[in-house]
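Letter by letter, the chains look like this.
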Amino acid sequence: MAVGLVGILIYFYSTTISERIDIFHYRQLCVVARNHGIEQAKMSSQCTLLSSTILVATIGPDVGIAASILGFYIASMVEINLLVERKTIRISK
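Residues numbered from 1 in each chain as written. Predicted model: local features only at pLDDT ≥ 70, side-chain atom pairs only at ≥ 80, totals over all residues. Heavy atoms only, no water.

**Q** Which parts of the structure should I look at to understand the overall build of the protein?
**A** Broken down by element type, the protein carries three helices and zero strands. In the protein, the succession of α and β elements from N to C terminus is α-α-α. The long-range fraction of contacts in the protein, counting pairs at least 24 apart against all pairs at least 6 apart in sequence, stands at 81%. Only carbon and sulfur atoms are counted for the fraction: they give 67% of the accessible area of the protein, which is about 7100 Å². (Helix = DSSP H or I, 4+ residues; strand = E, 2+ residues; numbered from the N terminus. Contact = heavy atoms within 4.5 Å. Areas by Shrake-Rupley, 256 points an atom, 1.4 Å probe, with all protein chains shown as cover.)

Okay, structure coming up:
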């Protein structure tokens, strides 16, 4: 169950980041500068931060949904297994 809840938290965190990013700013600042060989210390740190933010915003919601589905699937299978074992114990008595 905890895996499912962590997945939900990942989903909400990544979707709130994806609302605030500016992909066009990243493209103008980093991609164009890299193509033309313009590298400055300040620009390099901003590009690293923006690229990781874009990666989280792109992949994060999908990973969050997958983790939450996996967690809730595991929790439901454990619960079903416990119910079947209880029923088997009652029948065998």
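**Q** Help me understand a nonpolar patch on the surface in this model?
**A** Taken together, the side chains of L70, Y73, I74, M77, V78, I80, L82 and V84 define a hydrophobic patch exposed on the protein surface, amounting to about 710 Å² of accessible area. Take Y73: it is sitting in helix 3 (residues 41–92). (Patch = residues over 30% accessible without salt bridge, like charges linked within 9 Å, V, L, I, M, F, W, Y side chains within 5 Å. Salt bridge = Lys/Arg side-chain N within 4 Å of Asp/Glu carboxyl O.)

**Q** Would you mind going over the side chain of S68 with me for this structure?
**A** Topologically, S68 is positioned in helix 3. A polar contact is formed between the side chain of S68 and the backbone oxygen of I65, at a distance of 2.8 Å. Every residue in contact with S68, bar those within four places of it in the chain, is listed here: V3, G4, G7 and I8. (Polar contact = N/O pair within 3.5 Å; in protein donor to acceptor, adjacent residues only side chain to side chain.)

**Q** Please clarify how the confidence of the model for the protein should be interpreted in this entry.
**A** Reading fine detail from the predicted coordinates is not recommended where pLDDT is low. Summing up the model confidence of the protein, the mean pLDDT is 78 and the portion of residues at 70 or higher is 72%. Within the protein, helix 2 (residues 23–36) has the poorest average pLDDT of any element, 66, and helix 3 the best, 82. (pLDDT = per-residue confidence, 0-100.)

**Q** So what exactly am I meant to see when it comes to the environment of A66 here?
**A** As for its position among the elements, A66 is in helix 3. Residue classification places A66 among the partly exposed positions, given a relative accessible area of 46%. In the structure, A66 is positioned 58 residues away from I8 in sequence and 9.4 Å away in space, judged by C-alpha atoms. (Buried < 20%, exposed > 50% of the residue type's maximum accessible area, 1.4 Å probe, protein only.)

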